[in-house]
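The lines below spell out each chain.
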Amino acid sequence: MSAFHDVLVIGGGGAGLRAAIAVAETNPRLRVAIVSKVYPMRSHTVSAEGGAAGVAADDDSLDEHAYDTVSGSDWLCDQDAVEAFVAEAPRELLRLEHWGCPWSRQPDGHTAVRAFGGMKKKRTWFAADRTGFHMLHTLFQTVLSFPDVVRYDEWYVTKLLVDNGRTYGVVAIELATGRTETITASAVIVCTGGCGRVYPFTTNANIKTGDGMALAYRAGAPLKDMEFVQYHPTGLPFTGILITEAARAEGGWLLNKDGYRYLQDYDLGIPEPTPVMRSMELGPRDRLSQAFVHEFDKGRTIDTPYGPIVHLDLRHLGAELIDAKLPFVRELCSQYQNIDPVTELVPVRPVVHYMMGGIHTDIHGATPIQGLYAAGEVACVSINGANRLGSNSLPECLVFGTRAGRAAAVFAGQYGGAIPPAILAQGRDEEDRLERELTRHAEGRERIADIRTEMQTAMENGAGIYRDGDSLAKAADELQELRLRFADAAVDDHSRTFNTELVALLELSFMLDVAESIITCALQREESRGAHQRTDFPARDDEGYLAHSLVYREPDRHGRRVQYLPVTITRWPPGERVYGR
Amino acid sequence: MADQITLEVARYRPGLDTEPVMQSYQVPLREHWAILDGLTYIKDHLDGTLSFRWSCRMGICGSCGMTVNGDPQLTCATFLTDYAPGPVRVEPLRNFPVVRDLVVDIGDFMEKLPTVKPWMIRDVDSPVEEGEYLQTPEELDEYKQFSMCINCMLCYSACPVYALDPSFVGPAAIALAQRYNLDSRDEGAADRDDVLTSPEGIWACTFVGECSAACPKDVDPAAAIQRYKLTAATQAVKNFLLPRGAR
Ligand SMILES: Cc1cc2nc3c(=O)[nH]c(=O)nc-3n(C[C@H](O)[C@H](O)[C@H](O)COP(=O)(O)OP(=O)(O)OC[C@H]3O[C@@H](n4cnc5c(N)ncnc54)[C@H](O)[C@@H]3O)c2cc1C
Ligand code: SF4
Ligand code: FES
C-alpha cells in the first residue's frame, strides 16, 4: 500500500504541529499530513512547565536575548540562527496568543513574563506552570480547524526513504492494526523530539527515544553536537519528574545538607534574599548541575534510597504565590513525593532533560538530504550550542517549526512529482523486514528491558555530567556488546494489534544508534564546554573546538565518522561566561 | 508492609481471546510506585505481551487512563500503596471498545472533538503586529478551569449517559467548547451552539455529575454542561420573546 502527500510531518508535538500549520498557510493547495506515534496532544511538549522566551518588556531588547543565548551556549551556537530566533520568537508567541493560548496576564490585560535561568531580563512567557500543556493543546486544537490536514495518529515511522540524496517519504506501522504502509511525500519534516530515554534518570517521557535522529542518521544525514546532553539541576528523586526552573525564578533556593546556598561557592554570585538575574539559582543549567557533583564530592549532599539529593526551598514564597505561579509544582510534589512545598523542603537532584544536539540543519530547517527538514528538539540548527537556556526550547519549536514548514512547502511546490520506483522497492523491503521482526525474535534469549537498562547505565557512567576518555571508551565497548546482544533480543508478542513490544524493540534499536553517536562525539571532543565536561581536558579550547561536531554513519556496518564545522559568529566574539558578577 | 502486591490485569487479544480474561501478576510493593510502575514492571520482567499506553508518567499527557478496582483513574497518578494489601484489579477504561488488553479505542472522541469547534473564532482577526488581544486575569479565570482538560477520557468512562448512548457529545468535548465560549477573545459561541444544543449535546446529560467526580484535573465538565444549559435556556426564551432583528 502507498499513500502520497506533498508534505509529511513526522511528529505531532510543538514543532510538528507548528510546521504543519505553516505549510498550510504558505500554500493552501498542498496536501499536508502529520504522522505521530502517539495522539498529538500526548506529545512530550505537553510536559513543559516553566515558559517560553521572547522579548516583550520595554526594558528588554533582542540583542540582550541573543547575548544571553550565545553566552549560555558557551559560544557554540550559530549567531545568525540566534539572531533570527530572538527576532521571530515574540511574533510566534503572539500568534499563539491569537490562537487562544491562555498565557498568564498582568492586571492590565497584557501577557506577563517571568525570570528564567541565564536570562538577564524577564522575558519568559508562561501559562502558570503548565506552559507546554497549554501551548500543545492550543496548537492541536488550531490544527483541528484545518480540516485538510491529514493525521496518522498512533502510527510509528520505522524508516526514511531516500534515493539519490533526496527523500520521498517513510514507512510506518499503524499500531492499532499492525498494518505497514509506505507513505510517500515530496518533502518530509522530522519533528520527533529528543532522546532523554537513552539515560536511566530523565524528565523525558517514555516516547522520547530519539527515533527521528536515528531515522535521519541511518538515511545518511549527519547528527550535530550530540555530546551536549543537558542535565537539569532539579528533578524529583526516583521519578525524575521535573521541578521547573520557574520555581527558582520565583525565588526558590538550592540548599545543601547544611542548609547552605552552596552555589555561592561556584562563581555564581552572592546569595541575596530575592532572585537576581543571571546569578546563583538563576545561573545556567550546566553550571548548576556541575555544582551538585562538587557538593557530592565534598560530602555535602544527602543520601536517599534514590541517590544523593539537595533541597529546593520554596517555603519562604508562601502558599499564595505558589498557588498562583507554581500550582503544578505543588501538585507534583504532593502526588509523587508526598510533600507540600509550602511547608517542606523539596528533594531534588540533576536529571537528564534535553538534547542540545540533533539532526544537522541550516537556518531554514533544511538537512543535507534534499527534501528532508527537521525542527524542534530533534534538530540542531544550532541556537543552543553547548548548553540550552531554559525556556528557549518551546519558542525554538515555534520559530524553526514555522521556518521548516515554509521551506518544505516551497520545496514541495517546486519539486513535486513522480516517486522513483527505487523508493517503492525500498518501501516494500522495509515492510518485509518489519514482517520478519515480528517473528524473527521468537527464539531470542535477551530481554529488551535488560538491554535497555544496561545501555542507560552505560551512558550515565560513561557520558554523564563529567566524563573522560576512559569512561567514554568503556561506554563505547559496552554499547558494542549490547548491540551484539540486541541481535538476540526476544519479542514474545506476535500479535499485529497494538504490539507495544515490537515498538519497544524498534525504539531500542534507534536508541542504540543515538547512544553511539553521543559517545563517538564526546570521545572526539577533547575540551570542556558547556554541558560537555571532560575531566581529562578541563579547559575550553577555542583554537581546536569552536566548531560543531558532525557525526556520519558509515555504510559499512556500524562505522562512524566525525567532522567539524566552524560555528557562525556575527557579533559576539567568544568570551568568558560570567554569572553573578 | 508486604513486599509484593497482586495485580489482576484484564487481557484481551483479538483473534486469540473471545472475551477478556483476568491474569494475575505479583509486582513489588514499593513506596512511590504508581499502578503504572507495576504495569511496566510486568512488561519489562514478567510478560512482554501486555499492552497499555503511557508516556509522561506525570499526569499530564492523558495516555494512561484505566479502570482500577472499578474506578476510572490515571494509572501514573494512582499509587500501589493506596491499594495494599491488594489485589488490585486493572481493566481498560469502560464505555470504549477494547483494542487489546488495556488499550481502548478513543476514535469516537477524536471525531467528536472537532465538531464543537474547539479553536478561536473571531469575526475579524487582528494582525499579530498589533499585539496581543488584551485579557485581564479575571477574564482568564472565567474559562481557565475548562482549559485544563488533558483528554484522558476518564469522564467518558464514568458517564452513565455515554454508556447508554454513544452518540452523546460527552463531558470533555462540551467542556472544551465552553473553554472557548467563555474566553473573552472568542466570538464563536453561535457557531458551536448547534452541536451543543442538539439532542446529542447538553440536553442528553441528565446531570449525574460522575464526570466531574472522575476528572483528575478538576475540570468540572458537569459545571460546563450545566452552565451551557442555562445559557441555552435563556437564549431560547429571548428567541421566543424578541423578533429576530432584536436578538
Ligand atoms: C519536563 C519537561 C519540561 C520542559 N519545560 C520546558 C520549558 O518550560 N520551556 C522550554 O522552552 N522547554 C521546556 N522543555 C523542553 C521542551 O518541552 C521540548 O524540547 C519540546 O517540547 C520538544 O518539542 P518537539 O515538538 O520537538 O517534540 P515532542 O513534543 O517530544 O514531540 C515529538 C513527536 O514526535 C512523534 N514521534 C517520535 N518518534 C516517532 C516515530 N518513530 N514515528 C512517529 N512519530 C514519532 C511523537 O509522537 C510526538 O508527537 C521541557 C522538557 C521537559 C522534558
Ligand atoms: S474533563 Fe477531566 S476527565 Fe474528562 S477528559 Fe478532560 S481531564 Fe479527563
Ligand atoms: S502517563 Fe501521561 S498521564 Fe499518565
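This section reports on the structure supplied with the text. If you're wondering where the values come from, they're calculated on a predicted model, not measured in any experiment.

Moving on to the overall build of chain A. Helix and strand content of chain A: 15 helices and 21 strands. Against the 2.2 N^0.38 benchmark of 25 Å for 581 residues, chain A shows a C-alpha radius of gyration of 23 Å, consistent with a compact globule. Taken along its principal axes, the extent of the C-alpha atoms in chain A is 65 × 55 × 50 Å. Pairs at least 24 apart in sequence give 75% of the contacts found in chain A among residues at least 6 apart. Carbon together with sulfur atoms contributes 50% to the accessible area of chain A, which is approximately 18,300 Å² in total. For chain A, the distance from the average position of its 60 positive side-chain charges to the average position of its 79 negative side-chain charges is 2 Å.

Listed as interface residues are 65 residues of chain B and, on the opposing side, 67 residues of chain A. Between chain B and chain A, roughly 5,400 Å² of surface is buried when both sides are summed, and carbon and sulfur atoms account for 55% of that area. With a closest N to O distance of 2.8 Å, A:Glu331 and B:Lys217 form a salt bridge. Taken together, chain B and chain A are joined by 33 residue pairs in polar contact (both at pLDDT 80 or more). For the side of chain B that touches chain A, the elements supplying multiple residues, two or more each, are α1 (35–46), β6 (98–100), α2 (107–112), α3 (137–144) and α6 (171–181) of chain B. Of the residues forming the side of chain B that touches chain A, the biggest block, 5 residues, is contributed by α1(B).

What follows concerns the side chain of A:His137. By the secondary structure assignment, A:His137 is in helix α4 (residues 131–144). In contact with A:His137, other than residues within four places in its own chain, are A:Met41, A:Val46, B:Cys149, B:Ile150 and B:Asn151.

Bringing the site of ligand 2 into the picture now. Every residue lining ligand 2 is accounted for by B:Cys149, B:Ile150, B:Asn151, B:Cys152, B:Met153, B:Leu154, B:Cys155, B:Ala172, B:Cys215, B:Pro216, B:Val219 and B:Pro221. Tallied by class, residues from the shell around ligand 2 come to 11 nonpolar, 1 polar and no charged.

With that settled, consider the packing of aromatic side chains. In this structure the tally under the stated criterion is 15 aromatic pairs over all chains. With centroids separated by 6.2 Å and ring planes inclined at 80°, the aromatic side chains of A:Tyr199 and A:Tyr231 adopt a geometry described as edge-to-face. Here A:Tyr199 is found in the loop between β9 (179–190) and α5 (211–218), whereas its partner A:Tyr231 is found in strand β11 (residues 229–235), with 32 residues between them in sequence. Judged on exposure class, the residue A:Tyr199 and its partner A:Tyr231 are both buried. Ring centres of B:Phe96 and B:Tyr162 lie 5.8 Å apart, and the angle between their planes is 55°; this geometry places the pair in the tilted category. Here B:Phe96 is found in the loop between β5 (88–91) and β6, whereas its partner B:Tyr162 is found in helix α5 (residues 160–164), with 66 residues between them in sequence. No difference in accessibility class separates B:Phe96 from B:Tyr162, as the two residues are buried. Every member of this aromatic cluster is reached through a ring pair, and the members are B:Phe96, B:Phe109, B:Tyr156 and B:Tyr162. The ring of B:Tyr133 carries the charged tip of B:Arg122 above its face, separated from the ring centre by 3.8 Å.

This brings us to helix α14 (residues 500–524) of chain A. Its 25 residues give α14(A) an end-to-end C-alpha distance of 36 Å, which sits within 8% of 36 Å, the value for a rise of 1.5 Å per residue. Where α14(A) starts, the residue carrying a side-chain oxygen 3.1 Å from the main-chain nitrogen of A:Glu501 turns out to be A:Asn499.

Attention now goes to the site of ligand 1. Residues and elements named next belong to chain A. The environment of ligand 1 is made up of 39 residues, and the closest members are Ser-43, Thr-45, Glu-377, Ser-393 and Leu-394. Val-157 has a polar backbone atom sitting 2.9 Å from a nitrogen atom of ligand 1. Protein chains shield 99% of the accessible area of ligand 1, which is 1,000 Å² for the free molecule. Listing elements by their share of the shell around ligand 1, those giving two or more residues are α1 (14–26), β2 (32–36), β7 (155–163), β14 (346–355) and α10 (393–414). Tallied by class, residues from the shell around ligand 1 come to 13 nonpolar, 20 polar and 6 charged.

Note the cis peptide between A:Val381 and A:Ser382, where omega equals 15°. In this fold, A:Ser382 is placed in the loop between β17 (379–380) and α10. The omega torsion across B:Gly86 and B:Pro87 is -5°, close enough to zero to call that bond cis. A positive phi angle, close to 60°, is found at A:Glu154, a residue other than glycine.

Attention now moves to the nonpolar core. The biggest cluster of nonpolar side chains holds 180 residues, and the ones touching the most others in it are A:Val7, A:Ile189 and B:Leu39. A total of 11 residues in this core trace back to one element, the largest contributor, which is α10(A). Summarising the domain contributions, this core has at least three residues from each of domain 1 (4–104) and domain 2 (107–246) of chain B. Among all residues touching B:Leu39, those that are not within four sequence positions of it are B:Leu7, B:Val9, B:Leu50, B:Phe52, B:Met66, B:Val90 and B:Leu102.

With that settled, the discussion passes to the side chain of A:Arg261. Residue and element names in this part refer to chain A. With respect to the helices, strands and loops of the structure, Arg-261 is situated in the loop between β12 (253–255) and α7 (285–297). At a separation of 2.7 Å, a polar atom in the side chain of Arg-261 contacts the main-chain carbonyl oxygen of Glu-272. A polar contact of 2.7 Å, which involves the side chain of Arg-261, links it to the side chain of Glu-281. Aside from chain neighbours lying at most four places away, what touches Arg-261 is Trp-253, Leu-254, Leu-255, Pro-271, Glu-272, Pro-273, Met-280 and Glu-281.

Attention shifts here to the sheet that holds β14(A). Sheets are built from strands that pair by backbone hydrogen bonding, the pairs being arranged parallel or antiparallel. Residues and elements named next belong to chain A. Pairing within the open sheet is antiparallel, and its 4 strands lie in the order β11-β14-β13-β12. The sheet terminates laterally at β11 and β12, the two strands that pair on one side only. On average, each strand axis in the sheet is inclined to that of its neighbour by 45°, with strand direction left out of account. For strand β13 (residues 310–313) and β14, the ladder comprises 3 bridges, and the chain directions are antiparallel.

Glancing now at the packing of α1(A) against α4(A). All names here are of chain A. Where α1 meets α4, the axes come as close as 10 Å, and the angle between the chain directions of the two elements is 30°. Considered as vectors, α1 and α4 are oriented roughly parallel to each other. The crossing of α1 and α4 is left-handed. For the pair α1 and α4, the contacting residues are Gly-14, Leu-17, Arg-18 and Ile-21 in the first and Leu-136, Leu-139, Phe-140, Thr-142 and Val-143 in the second.

Residues B:Asp123, B:Glu187, B:Asp191 and B:Asp194 make up a contiguous surface patch of negative charge. Relative to the elements of secondary structure, B:Asp123 occurs in the loop between α2 and α3.

With that out of the way, let us pick up the pattern of salt bridges. Residue and element names in this part refer to chain A. Counting across every chain of the model gives 68 salt bridges over all chains. Between Asp-74 and Arg-540 there is a salt bridge, and its shortest N-O distance comes to 2.5 Å. Pair noted here: Asp-74 is in the loop between α2 (62–72) and α3 (79–98) and Arg-540 is in the loop between β19 (533–534) and α15 (542–545), with a separation of 466 residues, a long-range link. A relative accessible area of 7% means that Asp-74 is categorised as buried. The exposure class assigned to Arg-540 is partly exposed, which follows from its relative accessible area of 26%. As a salt-bridge pair, Glu-454 and Arg-485 come within 2.7 Å of each other at their nearest N and O atoms.

All names here are of chain A. Between its first and last C-alpha, α1 extends 18 Å over 13 residues, near the 18 Å set by a 1.5 Å rise per residue. With 11 of 13 residues buried, α1 lies mostly within the body of the structure. Buried within α1 are the following residues: Gly-14, Ala-15, Gly-16, Leu-17, Arg-18, Ala-19, Ala-20, Ile-21, Ala-22, Val-23 and Ala-24. On the buried face of α1, the contacting elements are β1 (2–10), β2, α3, α4, β9 and α10.

Each value, and the rule that gives it
- Residues numbered from 1 in each chain as written.
- Chains lettered and ligands numbered in written order.
- Predicted model: local features only at pLDDT ≥ 70, side-chain atom pairs only at ≥ 80, totals over all residues.
- Heavy atoms only, no water.
- Helix = DSSP H or I, 4+ residues; strand = E, 2+ residues; numbered from the N terminus.
- Rg over C-alpha atoms; globule rule 2.2 N^0.38 Å.
- Contact = heavy atoms within 4.5 Å.
- Areas by Shrake-Rupley, 256 points an atom, 1.4 Å probe, with all protein chains shown as cover.
- Lys, Arg positive; Asp, Glu negative; His and termini not counted.
- Charge placed at Lys NZ, Arg CZ, Asp CG, Glu CD.
- Buried area = accessible area lost by both parts, 1.4 Å probe.
- Salt bridge = Lys/Arg side-chain N within 4 Å of Asp/Glu carboxyl O.
- Polar contact = N/O pair within 3.5 Å; in protein donor to acceptor, adjacent residues only side chain to side chain.
- Near = heavy atom within 4 Å.
- Nonpolar A, V, L, I, M, F, W, Y, C, P; charged D, E, K, R; others polar.
- Phe/Tyr/Trp six-rings, centres within 6.5 Å; stacked < 30°, edge-to-face > 60°.
- Buried < 20%, exposed > 50% of the residue type's maximum accessible area, 1.4 Å probe, protein only.
- Lys NZ or Arg CZ within 6 Å of the ring centre and 35° of its normal.
- Expected span 1.5 Å × (residues − 1).
- Core = buried A, V, L, I, M, F, W, Y, C linked by side-chain atoms within 4.5 Å.
- Domains from an automatic or database assignment.
- Pairing = 2+ DSSP bridges.
- Axes fitted to C-alpha atoms, helices over the stretch in contact; angles between N-to-C directions.
- Parallel < 35°, antiparallel > 145°, perpendicular 65-115°, else oblique.
- Left-handed = near helix turned anticlockwise from the far one by under 90°.
- Patch = residues over 30% accessible without salt bridge, like charges linked within 9 Å, V, L, I, M, F, W, Y side chains within 5 Å.

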